[in-house]
Number of protein chains: 2
Amino acid sequence: MTDHRPPSLHSSKRVLALCGGVGGAKLARGLNDLITQPGNLTITVNTGDDFEHLGLNICPDLDSVVYALADKNDRERGWGRADETWHCLESLKELGAESWFALGDRDLAMHLERSHRLRSGQTLSDVTAHICRQLGIRAQVIPMSNNPVRTVLHTNEGALAFQDYFVRKMGKPKVESLSYTGADIAQPQADLMARLADPELDAIVICPSNPQLSIEPILALNGVREALRLSKVPVVAVSPLIGGKAVKGPAAKIMQELEIPVDSTGIAQVYLDFIKGLVIDQADELDAAYVSVPTVVTQTLMKSPEDALSLAQATLEFADKLRLEATQTK
Amino acid sequence: MTDHRPPSLHSSKRVLALCGGVGGAKLARGLNDLITQPGNLTITVNTGDDFEHLGLNICPDLDSVVYALADKNDRERGWGRADETWHCLESLKELGAESWFALGDRDLAMHLERSHRLRSGQTLSDVTAHICRQLGIRAQVIPMSNNPVRTVLHTNEGALAFQDYFVRKMGKPKVESLSYTGADIAQPQADLMARLADPELDAIVICPSNPQLSIEPILALNGVREALRLSKVPVVAVSPLIGGKAVKGPAAKIMQELEIPVDSTGIAQVYLDFIKGLVIDQADELDAAYVSVPTVVTQTLMKSPEDALSLAQATLEFADKLRLEATQTK
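Cut-off values and rules
- Residues numbered from 1 in each chain as written.
- Chains lettered and ligands numbered in written order.
- Predicted model: local features only at pLDDT ≥ 70, side-chain atom pairs only at ≥ 80, totals over all residues.
- Heavy atoms only, no water.
- 1 Å grid on protein atoms, 1.4 Å probe; cavity = no way out; pocket = protein on both sides within 12 Å on 5 of 7 lines; lining within 4 Å.
- Points joined across faces, edges and corners; volume = space filled by probe spheres on them.
- Nonpolar A, V, L, I, M, F, W, Y, C, P; charged D, E, K, R; others polar.
- Least-squares fit on C-alpha atoms with pLDDT ≥ 70 in both.
- Contact = heavy atoms within 4.5 Å.
- Salt bridge = Lys/Arg side-chain N within 4 Å of Asp/Glu carboxyl O.
- Helix = DSSP H or I, 4+ residues; strand = E, 2+ residues; numbered from the N terminus.
- Buried < 20%, exposed > 50% of the residue type's maximum accessible area, 1.4 Å probe, protein only.
- Expected span 1.5 Å × (residues − 1).
- Phe/Tyr/Trp six-rings, centres within 6.5 Å; stacked < 30°, edge-to-face > 60°.
- Pairing = 2+ DSSP bridges.
- Axes fitted to C-alpha atoms, helices over the stretch in contact; angles between N-to-C directions.
- Core = buried A, V, L, I, M, F, W, Y, C linked by side-chain atoms within 4.5 Å.
- Buried area = accessible area lost by both parts, 1.4 Å probe.
- Polar contact = N/O pair within 3.5 Å; in protein donor to acceptor, adjacent residues only side chain to side chain.
- Parallel < 35°, antiparallel > 145°, perpendicular 65-115°, else oblique.
- Left-handed = near helix turned anticlockwise from the far one by under 90°.

## A look at the layout of surface pockets
Next, step 1: By volume, the second largest pocket is sized at about 1000 Å³.
Next, step 2: Looking at the lining of the second largest pocket residue by residue, the class counts come to 21 nonpolar, 14 polar and 9 charged.

Structure representation (structure tokens):
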């Protein structure tokens, strides 16, 4: 499928994206560059990996999305801020402080300001909105909930929070299952539910994030998965796998350990009850025949903002096609 | 008075110093270099200028002393850490956060670690002791109290905390009086009182810090001024003024506004009820005749750790002389 229309036709689309960390943040950036109408793009971000460190509230996925949208992310390292320095971290080590988490000097400003505002009684969504305004971000970026939800990986070495699993244990323990502590009582962020019910919505995009770690925590919130299932808007997922591997992070390893096929069919299986289509990479073209929903094949590897823009365009184009087909079928 | 004895004779002296920020911290460094017997030097530091900023507990005078003793202070700038960078501060400005206080990246580690430990229930003296151990500091550095005391400058522009007066108002308002909120109910740190009562003590040194801002808050604590008055140990002050001017900071301006003579006689007047001697600079040699306590004239300007060591030596030598004279008089 080739898009012959100029990107401007997508600029006033109304889109809801569900998103986790780095991979998802890249597509969020592409969608943000494409949808130029302010307020028309809502990006709901996983907060299941949020944690406290040295008294700071750290929200890794929110930060990845905000830095990507503000063009402040480090593209080579793949996480954190560009032009980062580590002088505070060096001094923390001198003081014998906890230093397992790589706190960059520029990045610290985000944690300080957010923690300070949260401590003064603001909600995480208020703080996030304030920060996005300060950084000139057009899209509406919202945490999935203002209530704490914590993703727990149940492994052969016991129950681990994400940072424990990924940073301290270097992602080595075998994952047996996951749970999302607090998800049953957390309120999904009001703007997420409003956008899910928005009759003007054009598409819902599941970004190429880790399904179990980044997307499932959002789906675990009361009413979200059901709203996606019942939505008349095409829900399109972008596979985070290319050639059976994750571009970055532990997605492939975790899927394998959970006995989910580590390919496009596995991704479709995880989201089967609500997606209408799956975007897969050129490398996985042959998967298309085995995936249980319609697919579109394109380049999903995002090495640059231009790649991300193209993928965003292909994804919304695909959603248009699915919507048109649904209308014609009726 | 010339010291003909090698510095090693001072190395096992037991000394209590009262100290504020930058100027006092230099002499504290000199005393620390001189007194090599671990635990024999106790430096009590003013906490009246401590404040909260972005949820961090900032103790400017403790930090100046700790950085000076750990040889991590910036000598050219005169405050904060050497080799400092300001990337977090730049990013705080981008986020529209409060940025009037110059938070250095390396310095931030101190505030983060201290705030985190205080929030977890440790006392300021415990945290300070821990940090000093980590940085290999030989002297015992103690905050004057673990309870909050806040120095308030009553000015023609109203009541101001030190940072408001000095940083925000650039030290311009006219100071009419000072008060030390909380000093009446704060407990002086236990080690300060123990050292004041220590029969083995050789000298008590009032460092060349701002009398009103740095030393008076310590003296305002219950029992401290009285213990100094009654002490049999020679209490020696080092004048912070040279040629009627403060080396750094607002000491001269504040003394003038409070109608205290801005010279050695004024310093002697402030401490008159408890000092046995005053160390003054060569530039103020002619003041000696007018000062109401014995004086010693030496170079008090400390441009290097070597200068600070010499001043520390001259100060302890002077205390020895005063003690000897007192014995002979009896």
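## Some thoughts on the relation of the copies chain A and chain B
Next, step 1: For the pair chain A and chain B, the relating rotation is 180 degrees, the translation along its axis is 0.0 Å, and the fit reaches an RMSD of 0.0 Å. The superposition of one copy onto the other is thereby described by a two-fold rotation axis. No C-alpha of chain A approaches the rotation axis more nearly than that of Asp 105 of chain A, which lies at 3.0 Å.
Next, step 2: Of all interface residues in chain A, 100% are interface residues in chain B too; the two copies therefore contact each other through one and the same surface.

## Some points on the pattern of salt bridges
All names here are of chain B.
Next, step 1: The final tally for this structure, using the stated rule, is 42 salt bridges over all chains.
Next, step 2: Arg 117 is the salt-bridge partner of Glu 113, the closest N and O atoms lying 2.7 Å from each other. Taken together, the residues Glu 113 and Arg 117, both in helix α4 (residues 105-119) and 4 residues apart, mark about one turn of the helix. In this structure, Glu 113 and Arg 117 share a single accessibility class: buried.
Next, step 3: The salt bridge involving Asp 202 is made with Arg 323; its shortest N-O contact spans 3.8 Å. Of this pair, Asp 202 sits in the loop between α7 (190-196) and β9 (203-206) while Arg 323 sits in helix α12 (residues 305-329), and the two are 121 residues apart along the sequence.

## Some points on helix α1 (residues 22-34) of chain B
All names here are of chain B.
Next, step 1: The terminal C-alpha atoms of α1, which comprises 13 residues, lie 19 Å apart, in line with the 18 Å expected from a rise of 1.5 Å per residue.
Next, step 2: Those residues of α1 lying buried are Gly 24, Ala 25, Leu 27, Ala 28, Arg 29, Gly 30, Leu 31, Asn 32 and Leu 34.
Next, step 3: Residues of α1 that are buried make contact with β1 (15-19), β2 (41-45), α2 (60-69), β9, β10 (235-238) and α12.

## Looking at the packing of aromatic side chains
Residue and element names in this part refer to chain A.
Next, step 1: One pass over the structure, following the stated rule, counts 12 aromatic pairs over all chains.
Next, step 2: Taking 5.2 Å as the distance between ring centres and 15 degrees as the angle between the ring planes, the aromatic pair formed by Phe 162 and Phe 166 counts as stacked. One end of the pair is Phe 162 and the other is Phe 166, both in helix α6 (residues 162-168) and 4 residues apart, which spans about a single turn.
Next, step 3: For Phe 162, a relative accessible area of 14% corresponds to the buried category.
Next, step 4: Residue classification places Phe 166 among the partly exposed positions, given a relative accessible area of 36%.
Next, step 5: Ring geometry for Tyr 271 versus Phe 274: centroids 5.7 Å apart, planes at 50 degrees, classification tilted.

## Details of the sheet that holds strand β14 (residues 295-298) of chain A
Residue and element names in this part refer to chain A.
Next, step 1: Taken in spatial order, the 7 strands line up as β5-β2-β1-β9-β10-β13-β14 in an open sheet, and their pairing is parallel. Each end of this open sheet is capped by a strand with a single partner; those strands are β5 (140-143) and β14. Ignoring strand direction, the axes of neighbouring strands in this sheet form an average angle of 20 degrees.
Next, step 2: Two elements, strand β1 (residues 15-19) and strand β9 (residues 203-206), share 4 bridges in a ladder whose sense is parallel. When the bridges of β9 are listed, Leu 16 appears paired with Ile 204.

## Remarks on the nonpolar core
Next, step 1: With 114 residues, the main nonpolar core has Ile 43 of chain A together with Ile 43 of chain B as its most contacted residues.
Next, step 2: Residue contacts for Ile 43 of chain B: discarding those within four places in its chain leaves Ala 17, Cys 19, Ala 28, Val 65, Leu 69, Ala 139, Gln 140, Val 141 and Ile 142 of chain B.
Next, step 3: Among the nonpolar cores identified, the runner-up in size contains 46 residues, and Val 149, Ala 252, Ile 267 and Ala 268 of chain B belong to it.

## A look at the pairing of β1 of chain A
Residues and elements named next belong to chain A.
Next, step 1: Burial runs high along β1: 5 of the 5 residues are buried.
Next, step 2: Neither face of β1 is left uncovered, since the one carrying Val 15, Ala 17 and Cys 19 and the one carrying Leu 16 and Leu 18 both have all their residues buried.
Next, step 3: With 5 bridges connecting them, β1 and strand β2 (residues 41-45) associate as parallel partners. Residue pairing for β2: Ala 17 is matched across the bridge by Ile 43.

## What about the interface of chain A and chain B?
Interfaces are frequently sized by the accessible area removed from exposure as the parts join.
Next, step 1: Taken together, the contacts link 29 residues of chain A with 29 residues of chain B.
Next, step 2: Carbon and sulfur atoms supply 59% of the area that chain A and chain B bury against each other, a total of about 2600 Å² over both sides.
Next, step 3: Of all residues in chain A, Glu 94, Leu 95 and Leu 112 of chain A give up the largest surface area on contact with chain B, accounting jointly for 25% of the area buried on that side.
Next, step 4: Note that Arg 106 of chain A and Glu 90 of chain B form a salt bridge whose closest N and O atoms lie 3.0 Å from each other.
Next, step 5: Linking chain A to chain B there are 13 residue pairs in polar contact (both at pLDDT 80 or more).

## Topic: the packing of helix α4 (residues 105-119) of chain A against helix α3 (residues 87-94) of chain B
Next, step 1: At their nearest, the axes of α4 of chain A and α3 of chain B sit 7 Å apart, and the two run at 50 degrees to each other. As the angle between them shows, α4 of chain A and α3 of chain B are arranged oblique. As α4 of chain A packs across α3 of chain B, the resulting crossing turns out to be right-handed. In this structure, α4 of chain A contributes Asp 105, Arg 106, Leu 108, Ala 109, Leu 112 and Glu 113 of chain A to the contact, and α3 of chain B contributes His 87, Cys 88, Glu 90, Ser 91 and Leu 92 of chain B.

## What to know about the environment of Lys 13 of chain B
All names here are of chain B.
Next, step 1: Tracing the sequence through the fold places Lys 13 in the segment before β1.
Next, step 2: Taking relative accessible area as the criterion, Lys 13 reaches 9% and is therefore assigned buried.
Next, step 3: It is 8.7 Å that separates the C-alpha atoms of Lys 13 and Leu 316, two residues lying 303 residues apart in sequence.
Next, step 4: Among the polar contacts made by the side chain of Lys 13, one reaches the side chain of Asp 320 at a distance of 2.8 Å.

## Section: the sheet that holds strand β7 (residues 158-161) of chain A
Residue and element names in this part refer to chain A.
Next, step 1: Read across the open sheet, the 3 strands follow the order β7-β6-β8; overall the sheet is antiparallel. Across the chains shown, the open sheet's two edge strands, defined by having one partner strand only, are β7 and β8 (175-181). Between one strand axis and the next, the sheet turns by 25 degrees as a mean value, whatever way the strands run.
Next, step 2: Taken together, the 4 bridges between strand β6 (residues 150-155) and β7 define a ladder with antiparallel strand orientation. Its bridge partner lying in β7, Val 152 is registered against Ala 161.

## Topic: the packing of α1 of chain B against α2 of chain B
All names here are of chain B.
Next, step 1: The N-to-C vectors of α1 and α2 enclose an angle of 35 degrees; their axes lie 8 Å apart at closest approach. Note on packing geometry: the crossing formed by α1 with α2 is right-handed. Residue-level inspection shows Val 22, Ala 25, Ala 28, Arg 29 and Asn 32 of α1 in contact with α2, the latter providing Ser 64, Val 65, Ala 68 and Leu 69.
Next, step 2: A class-by-class count of the residues in the contact of α1 with α2 yields 6 nonpolar, 2 polar and 1 charged.

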